[in-house]
Amino acid sequence: MDAKISLLAITIAVASMALSPLIMNQPVNAASHYCADEKGKSNAWIEGCKAGWADHDNCKSYNPGTGEVAKGYKVGWSKGSC
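Residues numbered from 1 in each chain as written. Predicted model: local features only at pLDDT ≥ 70, side-chain atom pairs only at ≥ 80, totals over all residues. Heavy atoms only, no water.

**Side note on the packing of helix α2 (residues 43–57) against helix α3 (residues 67–79)**
Two elements in contact, α2 and α3, have axes whose closest approach is 6 Å; the angle formed by their N-to-C orientations is 35°. Between α2 and α3 the crossing geometry is right-handed. In this structure, α2 uses A44, W45, G48, C49, A51, G52, W53, D55 and H56 to contact α3, whose residues at the interface are E68, V69, K71, G72, Y73, V75, G76, W77 and K79. Looking at the contact of α2 with α3, its residues break down into 9 nonpolar, 5 polar and 4 charged. (Axes fitted to C-alpha atoms, helices over the stretch in contact; angles between N-to-C directions. Helix = DSSP H or I, 4+ residues; strand = E, 2+ residues; numbered from the N terminus. Left-handed = near helix turned anticlockwise from the far one by under 90°. Contact = heavy atoms within 4.5 Å. Nonpolar A, V, L, I, M, F, W, Y, C, P; charged D, E, K, R; others polar.)

Have a look at this one:
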């Protein structure tokens, strides 16, 4: 019985490690959809949003720029996570 439980635990660990890249890449795809779906936002805002999200997901420093890009960057940064 203990061998079955140990084997199950190992199987779950290996499966979760194998699937983690798929789970980790979802925010990047979500950023594109979330930012682009915002109604009434300029292209600069949308690009800033995507850049902020990607920068935060990749543990880069906060660098918003100026204008509409900065406004979008702030929103994207708040959605990402390092």
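**A look at the nonpolar core**
A general feature of soluble globular proteins is that nonpolar side chains tend to end up buried together. Core analysis: the largest hydrophobic core is formed by 5 residues, namely C35, W45, I46, C49 and W53. When residues of this core are assigned to their parent elements, the largest contribution, 4 residues, is made by α2. (Core = buried A, V, L, I, M, F, W, Y, C linked by side-chain atoms within 4.5 Å. Buried < 20%, exposed > 50% of the residue type's maximum accessible area, 1.4 Å probe, protein only.)

**Observations concerning the packing of aromatic side chains**
Tallied over the entire structure, the rule returns 4 aromatic pairs. Both rings, one in Y62 and one in Y73, keep their centres 5.3 Å apart while their planes meet at 80°; by these two values the pair is edge-to-face. Here Y62 is found in the loop between α2 and α3, whereas its partner Y73 is found in helix α3, with 11 residues between them in sequence. The exposure class of Y62 is partly exposed, given its relative accessible area of 41%. For Y73, a relative accessible area of 2% translates into the label buried. Pairing Y62 with W77 gives two aromatic rings, centres 5.1 Å apart and planes at 85°, and the pair type is edge-to-face. Residue Y62 is located in the loop between α2 and α3, and its partner W77 is located in helix α3; the two are separated by 15 residues in the primary sequence. (Phe/Tyr/Trp six-rings, centres within 6.5 Å; stacked < 30°, edge-to-face > 60°.)

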